[in-house]
Amino acid sequence: MQTITNTATRYGWASIVLHWLVGLIFIGQFILGFVMVRTSSQRTAFELIQLHKSLGFLLLGLIILRIAWRLGNATPPLPPSVGTLERRTAPLAHLALYAFQLALPLSGWALVSVSTLEIPSMPFNLFVMPNLPLPESDAAESFWASAHWYLAYASIALVALHICAALRHHFLLRDSVLTRMITPSSAGE
Amino acid sequence: MHARTLGLAAAAACLAMPVYAAVVLGDAAGSYTISQAGSAIRFTIGKAGGGGFDGAFARFKGTIRIDNNDVGRSKVDLTIYPESVGTGQGRIDAFLRSDAVFDAANSPEIQFRSTSVTRTGDTTALVTGRLTARGKTFPEKFNAELDGLKGGTIKFHVTGKVLRSRYGMDVGTPLYSNVVDFDMTLTGRRG
Ligand code: HEM
Ligand code: HEM
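Described below are features of the structure shown in this document. (Residues numbered from 1 in each chain as written. Chains lettered and ligands numbered in written order. Predicted model: local features only at pLDDT ≥ 70, side-chain atom pairs only at ≥ 80, totals over all residues. Heavy atoms only, no water.)

With that settled, the discussion passes to a nonpolar patch on the surface. All names here are of chain A. Together, Ile27, Ile31, Phe34, Val35, Ile163, Leu167, Phe171, Leu172 and Leu173 make up an exposed nonpolar region whose accessible area comes to about 800 Å². Residue position: Ile163 is located in helix α4 (residues 138-172). Classification of Ile163 by relative accessible area gives partly exposed; the value is 36%. (Patch = residues over 30% accessible without salt bridge, like charges linked within 9 Å, V, L, I, M, F, W, Y side chains within 5 Å. Areas by Shrake-Rupley, 256 points an atom, 1.4 Å probe, with all protein chains shown as cover. Salt bridge = Lys/Arg side-chain N within 4 Å of Asp/Glu carboxyl O. Helix = DSSP H or I, 4+ residues; strand = E, 2+ residues; numbered from the N terminus. Buried < 20%, exposed > 50% of the residue type's maximum accessible area, 1.4 Å probe, protein only.)

Written out as structure tokens, the structure reads:
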């Protein structure tokens, strides 16, 4: 049970599972978003967009949970071997990643809410998700579509940097930064 | 005051009805060509969470034949060109025309051929027939109500529900209802 929460030296299972679950769906959403707007079959495109919306709302729920857990838990400091520059920038990068994780589903939700197509959102065909209370117009739709687009590409650039940093720690610096995000037991001692 | 006026109007309407029907039986017989002017083929599809979207077909053609002695032997033929669908939203129109829904490029016509007409009232009838869309044919029923007969022009109000999934147009269910509500005004000119 003790391994569920974070401690002063390591991540607990809750943080780890949320990180990988959100991380996987997040990258999946980028690929799905990229593919669906380039699909020539209108039917397939429609269905992929509905799936993208369903996963987006699931993601929004998981991210709120993740941020709440993060705020209510200790965060293990980086291992002592990590240099000052990274010690300063890593938390900023993580903060930016959290901001993207919130901003992407919210901008997507705004986009479908203001769209003049008025397509309802029904996550996994389970229930009707209400629209955000924003006035619909073609102008608002193209604004949120480009906001969503810029956020998606900016976030995936940061995620790529984030992955490179994790791989660098593991394979070049050979420290515990990646392994402690994999299991609670293998790191921090 | 209002109630009395309404009551009088209702009584007058009841009295007038059989007369109207009698006139119709004698006078309506003949062949009519459906004219786009004065006709409209509208439809509505309900949406999850309320509301729905409306559309109409701008181009169609057809004939109505009313049998002199036996209304049951009357016939209706209707051909709709799905390319002409309009909802007031260009992106939705393009989607409806595409192979996601009508596939208008490969199936340019939607056809209805009546197989039987049954009178259900003085001015109403149930029209049963075969609807063909995207190469699939199923029996469908529509309610027709005589809405006017003047000179060589006859007007019907036709309503009916069609399940779109049977015609390979199930895209978007259950977000959008499987039931398409048709509401048509068909004006025919004799000849
Ligand atoms: C509630 C959550 C979300 C909703 C409702 C949503 C909705 C949408 C919609 C409707 C589009 C189509 C925009 C267009 O017309 O071009 C879109 C595109 C896209 N979305 Fe999302 N989205 C959500 C979350 C995400 C997330 C978390 C990502 C992750 C990066 C993402 C990445 C993308 C990408 C890459 C595109 C394609 C942009 C392009 O290449 O044109 N979306 N999204
Ligand atoms: C799939 C490739 C990924 C790898 C290998 C990876 C690796 C890691 C590692 C090793 C850490 C721990 C850093 C530390 O100890 O301070 C971490 C933390 C973090 N990751 Fe990832 N990650 C990946 C994907 C993502 C994605 C897609 C996102 C979000 C868009 C993300 C967001 C975060 C955040 C916000 C933290 C900070 C956690 C905290 O609050 O302490 N990661 N990641």
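Back to the text.
Moving on, we get to the site of ligand 1. Residues and elements named next belong to chain A. Looking at ligand 1, there are 23 residues lining it, with His52, Gly56, Pro105, His148 and Trp149 nearest. At 3.5 Å from an oxygen atom of ligand 1 is found a side-chain nitrogen or oxygen belonging to Tyr153. Partitioning the shell around ligand 1 into residue classes produces 15 nonpolar, six polar and two charged. (Near = heavy atom within 4 Å. Polar contact = N/O pair within 3.5 Å; in protein donor to acceptor, adjacent residues only side chain to side chain. Nonpolar A, V, L, I, M, F, W, Y, C, P; charged D, E, K, R; others polar.)

Take the pairing of strand β1 (residues 30-47) of chain B next. All names here are of chain B. For β1 and strand β3 (residues 60-66), the ladder comprises four bridges, and the chain directions are antiparallel. From the neighbouring strand, Gly30 faces β3, where its bridge partner is Ile66. One ladder, built from 11 bridges, connects β1 with strand β10 (residues 176-190); its direction is antiparallel. Bridged to Ser35 within β10 is Thr187. Across six bridges, β1 lies against strand β2 (residues 52-57) in antiparallel orientation. Of the residues in β2, the one forming a bridge with Arg42 is Ala56. A loop of four residues connects β1 with β2, the two strands running antiparallel in sequence, and Gly49 in this loop sits at a positive phi of about 85°. (Pairing = 2+ DSSP bridges.)

Attention now moves to unusual backbone geometry. In this structure, the amide linkage connecting Thr173 of chain B to the following residue, Pro174 of chain B, adopts the cis form with an omega of 0°. Structurally, the position occupied by Pro174 of chain B is in the loop between β9 (153-163) and β10. Although it is not a glycine, Glu118 of chain A adopts a positive phi angle of roughly 50°. Among the structural elements, Glu118 of chain A can be located in the loop between α3 (84-114) and α4. Assessed through its relative accessible area of 38%, Glu118 of chain A is described here as partly exposed. The backbone of Asn125 of chain A shows a phi angle near 55°, a positive value even though the residue is not glycine. Here Asn125 of chain A falls in the partly exposed class, since its relative accessible area comes to 46%.

The next thing to look at is the packing of helix α1 (residues 13-36) of chain A against α4 of chain A. All names here are of chain A. Contact geometry for α1 and α4: axes closest at 11 Å, N-to-C directions at 135°. Judged by the inter-axis angle, α1 sits oblique to α4. The crossing of α1 and α4 is left-handed. Contacts from His19, Phe26, Ile27, Phe30 and Phe34 of α1 reach α4 at Ala152, Tyr153, Ser155, Ile156, Val159, His162 and Ile163. For the contact of α1 with α4, the class distribution of residues is nine nonpolar, three polar and no charged. (Axes fitted to C-alpha atoms, helices over the stretch in contact; angles between N-to-C directions. Parallel < 35°, antiparallel > 145°, perpendicular 65-115°, else oblique. Left-handed = near helix turned anticlockwise from the far one by under 90°. Contact = heavy atoms within 4.5 Å.)

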